[in-house]
Amino acid sequence: MGEGADDPTGVVVHLDALLEERGMTLAELSRRVGVTVVNLSVLKNGRAKAIRFSTLARLCAVLRCQPGDLLGYRAAPKPTESPSPD
């Protein structure tokens, strides 16, 4: 889910960029949202398997963003087909 993670879902998390744009630390976000730093780190680093809508809503409220600013989708490249022998 993170920017560089090889997640088969294709979901990417832009939490690093949002924190940087807002000059906010993960610890500050944790205090303001009410989610542990460990859980936010799991999300930020692309290891989260799910996120509750209530958590997503609190993140969006604190970061003043829309869910699409925090989450994105990047389709995995399709394997190229080799030409069939004639």
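All values reported here derive from a predicted model rather than from experimental measurement.

Asks: Can you tell me about the nonpolar core, naming the residues and giving the values?
Replies: By size, the foremost hydrophobic cluster in this structure holds 19 residues, and its most contacted members are Leu15, Leu19, Leu29, Leu59, Leu63 and Leu70. Secondary-structure elements contributing two or more residues to this core are α1 (15-22), α2 (26-33), α3 (37-44) and α4 (53-63). With five residues, α4 is the largest single contributor of residues to this core.

Asks: How would you summarise the confidence of the model for the chain if you had to cite specific residues and measurements?
Replies: The predicted model of the chain averages 88 in pLDDT, with 84% of residues at 70 or higher. Throughout residues 1-5 the model reports pLDDT below 50, and contacts reaching past four residues in sequence, or to other chains, amount to 17 contacts.

Asks: I'd like a rundown of the packing of α2 against α3, residues and numbers included.
Replies: The interhelical angle for the contact between α2 and α3, taken along N-to-C directions, is 115°, at an axis separation of 9 Å. Relative to α3, α2 is oriented so that their crossing is right-handed. Seen from α2, the contacting residues are Leu26, Ala27, Leu29 and Ser30; seen from α3, they are Val37, Leu40, Ser41 and Lys44. Broken down by class, the residue content of the contact of α2 with α3 amounts to five nonpolar, two polar and one charged.

Asks: With reference to specific residues and values, describe the state of the cysteines.
Replies: For the coordinates displayed, the defined rule picks out zero disulfides. Sulfur of Cys60: no disulfide; nearest cysteine sulfur belongs to Cys65 and is 4.0 Å away. Its relative accessible area of 9% is what places Cys60 among the buried residues. Residue classification places Cys65 among the buried residues on the basis of a relative accessible area of 9%.

Asks: Hey, could you go over the packing of α2 against α4 for me, with residue numbers and the actual values?
Replies: Where α2 contacts α4, the two axes come as close as 10 Å, and the packing angle between them is 115°. Between α2 and α4 lies a crossing whose hand is right-handed. Packed against α2, whose contacting residues are Leu29, Arg32 and Val33, the element α4 presents Arg58, Leu59, Val62 and Leu63 at the interface. Classifying every residue of the contact of α2 with α4 by side-chain character gives five nonpolar, no polar and two charged.

Asks: Give me α4: which residues, what numbers.
Replies: The α-helix advances 3.6 residues per turn, and as a result positions three or four apart in sequence lie on the same side. Within α4, the full set of buried residues consists of Thr55, Leu56, Leu59, Cys60, Val62 and Leu63. Buried residues of α4 fall within an arc of 165° about the axis and therefore sit on the same side. Set apart from the buried face of α4 by more than 90 degrees, the exposed residues are Phe53 and Ala61. Buried residues in α4 make contact with α1, α2, α3, α5 (67-70) and β2 (71-73). Where α4 ends, the next residue or the one after it, Arg64, has phi of about 50°, a positive value.

Cut-offs used in this document
- Residues numbered from 1 in each chain as written.
- Predicted model: local features only at pLDDT ≥ 70, side-chain atom pairs only at ≥ 80, totals over all residues.
- Heavy atoms only, no water.
- Core = buried A, V, L, I, M, F, W, Y, C linked by side-chain atoms within 4.5 Å.
- Buried < 20%, exposed > 50% of the residue type's maximum accessible area, 1.4 Å probe, protein only.
- Helix = DSSP H or I, 4+ residues; strand = E, 2+ residues; numbered from the N terminus.
- pLDDT = per-residue confidence, 0-100.
- Contact = heavy atoms within 4.5 Å.
- Axes fitted to C-alpha atoms, helices over the stretch in contact; angles between N-to-C directions.
- Left-handed = near helix turned anticlockwise from the far one by under 90°.
- Nonpolar A, V, L, I, M, F, W, Y, C, P; charged D, E, K, R; others polar.
- Disulfide = S-S within 2.5 Å.
- Arc of directions from axis to C-beta.

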